[in-house]
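If you want the building blocks of each chain, they are given just below.
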Amino acid sequence: MSDAATLPLLRLSNVSVQLGTVTALQRVSFSVRRGEFVAVIGANGSGKTTLLRVLHGLVEGTGMRRLGEPAPVQAMVFHRPFMLNLTVWNNLRLALWLARARVPRAEAPARALEALQRVGLVDSRDRPARVLSGGEQQRFALARAWAVRPDLLLLDEPTANLDPSAKKEVETLLQGFAADGMTLVMSTHNLGQAKRLATRVVYVDRGEVRLDLPTAQFFGPSADERARLFLKGELSWDLE
Amino acid sequence: MSIWTCGRAALADAWLDVLAAASGEGALCTPRHIVSSIAPIENGAHGSHRVNEFAQSAKSALDLIVHADAVLVRIVALSLAVSGTACLFAAGFGLVGGAWLAVARFPGLRVALLLLNTLLALPSVVVGLAVYLLLSRSGPLGSWGILFTPTAMVIAQTILVLPVVAALSRQVVADGLRDGGDPLQSLGAGPLLAALLMLVHERWAVVTILLTAFGRAIAEVGAVMIVGGNIEGVTRVMTTAIALETSKGDLPLALALGLVLLAVVALLNVAIAIVQRSRFASVGLQTR
């Protein structure tokens, strides 16, 4: 395996984050390698979202955050997608304009069209983005992220508010991105989703990374009692 | 004079004193002046005479409007031009300044915001006085020679409405960035660009802010009276003309201008309501 494949895209070393009086992350060491699909799971308030925001550089903490060489292009899809009060097309063109250092201006229209085609929203290009349904908004957010061809895509519970069919559409898109070689880090409450999609599962509890295992190992017998309790609390049957 | 008439006149006087004190306009004509120019109704004969006089004035006022009297049109046009120009300048500086304040981080920011919010209630006569002192011959900008010109009036009204635009736009941007700040930063927008994009996002709110500022500008009298001088054909606007004509007892023009001013304010309110409906429609919400 080449050096580029083994070197992490991004590494956190002993990172702690204090948000007001709350310690959101405590001495977290975490790395992401190219091609991985990492599912970050944990209870509400465990620090999943903060971990993603630290990875993306939206939040600073103590400790070290090191980017790979060259620095990976990142994009993030938030729990609730935010769109400007513009059409779908103009929102996408604006995102590509903001990424103009990586996306040449001449390429932007074609890139935008391709992104909408990929997520099945071409017919909605002239609609106000904010009147899209929940599932359509998440698909648009994925299109907007994919359009800049990120090396690393971060997703904060992208299917939390979606019905089963919309959830399935989003998961299909994510599997497609992963198959194309994109690296994904996704926080989720949905253990079945983590099991279906991820190559690696990270369990976060009270701001600490308690378990970090390949998916098959994570959902098998686990050495961490808290993780076992969490899994048992989420599912009605014993996974062992 | 009956006890009822005396009492009614005394109540009216007291009410007018409260109004004059609360208005803070310090115009040459207080409401008391306006009413005192019309003698209190003492008995039936005088009463009907005054009513006929008022009716005649109202009719003359409507004639002035319907026939687009040249003096009336000139005064209205100057009012719209002065206040419109002032709002344009206030929009340029105030929107960008408000957006910047929403994302700025520097020592003393809280004090700056407190000062800005205090300036929302800046009395127009105080603004007029300050600009007068700046532009008078003995002032630091006396060499400009623009006192008692529409330019001075534009400067005064810009200063008056700038805090309105800045403070309200700052709030709109700050509120919007609570949801949109991180996503915009994630897309690559720096803090100021994100704030400016938020103004685009909340453009209906921005339009409402600008209409509100225009309403404040066109209805004020203190600042333009002091720095403009109410010179006929040069710096006479609706509010100063109403004050002057009423003090002279020349009601038709005052009434006509008053009706036009009311119509302008009413149109502004209608425009704001239409903008609000458009804003809700753009996000698929039903208005009541």
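Residues numbered from 1 in each chain as written. Chains lettered and ligands numbered in written order. Predicted model: local features only at pLDDT ≥ 70, side-chain atom pairs only at ≥ 80, totals over all residues.

Scanning chain A from N- to C-terminus turns up 9 helices and 9 strands. Relative to the compact-globule value of 18 Å for 240 residues, chain A shows a C-alpha radius of gyration of 18 Å, a close match. Dimensions of chain A, computed from the C-alpha atoms along their principal axes, are close to 50 × 45 × 40 Å. When contacts within chain A are restricted to residue pairs at least 6 apart in sequence, long-range pairs at least 24 apart make up 68% of them. (Helix = DSSP H or I, 4+ residues; strand = E, 2+ residues; numbered from the N terminus. Rg over C-alpha atoms; globule rule 2.2 N^0.38 Å. Contact = placed C-beta atoms within 7 Å.)

Another aspect to go through is the interface of chain A and chain B. Listed by partner, the interface residues are 13 residues for chain A and 15 residues for chain B. The residue inventory of the side of chain A that touches chain B, partitioned by class, reads 10 nonpolar, 2 polar and 1 charged. (Nonpolar A, V, L, I, M, F, W, Y, C, P; charged D, E, K, R; others polar.)

Note on sheets: strands pair through backbone hydrogen bonds, and any given pair is parallel or antiparallel. Residues and elements named next belong to chain A. Taken in spatial order, the 6 strands make up an open sheet running E5-E6-E7-E3-E8-E9, and their pairing is mixed. At either margin of the open sheet sits one strand with a lone partner, and together these are strand E5 (74-77) and strand E9 (208-214). Within this sheet the neighbouring strands show an average axis-to-axis angle of 15 degrees, counted without direction. In this sheet, strand E7 (residues 183-187) lies alongside strand E3 (residues 37-41) in parallel orientation, the contact comprising 4 bridges. Its bridge partner being in E7, Val-38 is matched across the sheet by Val-185. (Pairing = 2+ DSSP bridges. Axes fitted to C-alpha atoms, helices over the stretch in contact; angles between N-to-C directions.)

The next point concerns the sheet that holds strand E1 (residues 8-19) of chain A. Residue and element names in this part refer to chain A. Here 3 strands make up an open sheet; going across it, the order is E2-E1-E4 and the pairing antiparallel. The strands lining the two open edges of the sheet, one partner per strand, are strand E2 (22-33) and strand E4 (62-67). Neighbour-to-neighbour, the strand axes of this sheet turn through a mean angle of 10 degrees, independent of strand direction.

This paragraph deals with the confidence of the model for chain A. For chain A, per-residue confidence averages 89 on the pLDDT scale, and residues scoring 70 or more make up 92% of the total. Helix H1 (residues 3-6) of chain A is the least confidently modelled element of chain A, averaging 54 in pLDDT, while E7 of chain A averages 97, the highest of any element. (pLDDT = per-residue confidence, 0-100.)

This brings us to the environment of Leu-244 of chain B. Relative to the helices and strands, Leu-244 of chain B is located in helix H11 (residues 238-248). Considering only alpha carbons, one finds Leu-244 of chain B and Leu-162 of chain B, 82 residues apart in sequence, at a separation of 27 Å.

All names here are of chain A. As paired strands, E1 and E2 are joined by 8 bridges and run antiparallel to one another. The partner of Val-15 across the bridge, within E2, is Val-28. Where E1 hands over to E2, the hairpin turn is made up of 2 residues, of which Gly-20 adopts a positive phi near 65 degrees.

The next subject is the packing of helix H3 (residues 88-98) of chain A against helix H4 (residues 108-119) of chain A. Residue and element names in this part refer to chain A. At a closest axis distance of 10 Å, the pairing of H3 and H4 adopts a crossing angle of 125 degrees. Accordingly, the angle class assigned to the pair H3 and H4 is oblique. Crossing handedness for the pair H3 and H4: right-handed. In contact with Trp-89, Leu-92, Arg-93 and Leu-96 of H3, H4 contributes Ala-108, Arg-111, Ala-112, Ala-115 and Leu-116. (Parallel < 35°, antiparallel > 145°, perpendicular 65-115°, else oblique. Left-handed = near helix turned anticlockwise from the far one by under 90°.)

Attention shifts here to helix H2 (residues 48-56) of chain A. Since one α-helical turn is 3.6 residues long, residues separated by three or four positions face the same way. All names here are of chain A. Most of H2 is tucked away: 9 of the 9 residues are buried. If you check which residues of H2 are buried, you get Lys-48, Thr-49, Thr-50, Leu-51, Leu-52, Arg-53, Val-54, Leu-55 and His-56. Just past H2, the residue Gly-57 takes up positive phi, approximately 85 degrees. (Buried ≥ 20, exposed ≤ 12 C-beta atoms within 10 Å, placed from the backbone.)

Residues and elements named next belong to chain B. Ranked by size, the top nonpolar core spans 139 residues in total, and within it Ala-156, Val-165 and Val-227 carry the most contacts. When residues of this core are assigned to their parent elements, the largest contribution, 19 residues, is made by helix H7 (residues 150-187). Not counting residues up to four positions away in its chain, the partners in contact with Ala-156 are Val-127, Gly-128, Val-131, Ala-223, Val-224 and Val-227. (Core = buried A, V, L, I, M, F, W, Y, C linked by C-beta atoms within 7 Å.)

Moving on, we come to the environment of Thr-215 of chain A. Residues and elements named next belong to chain A. Tracing the chain through its elements places Thr-215 in helix H8 (residues 215-218). Put simply, Thr-215 and Gly-63 are 152 residues apart on the chain and 27 Å apart in space, counted from C-alpha to C-alpha. Among all residues touching Thr-215, those that are not within four sequence positions of it are Lys-195, Ala-198, Thr-199, Arg-200 and Val-201.

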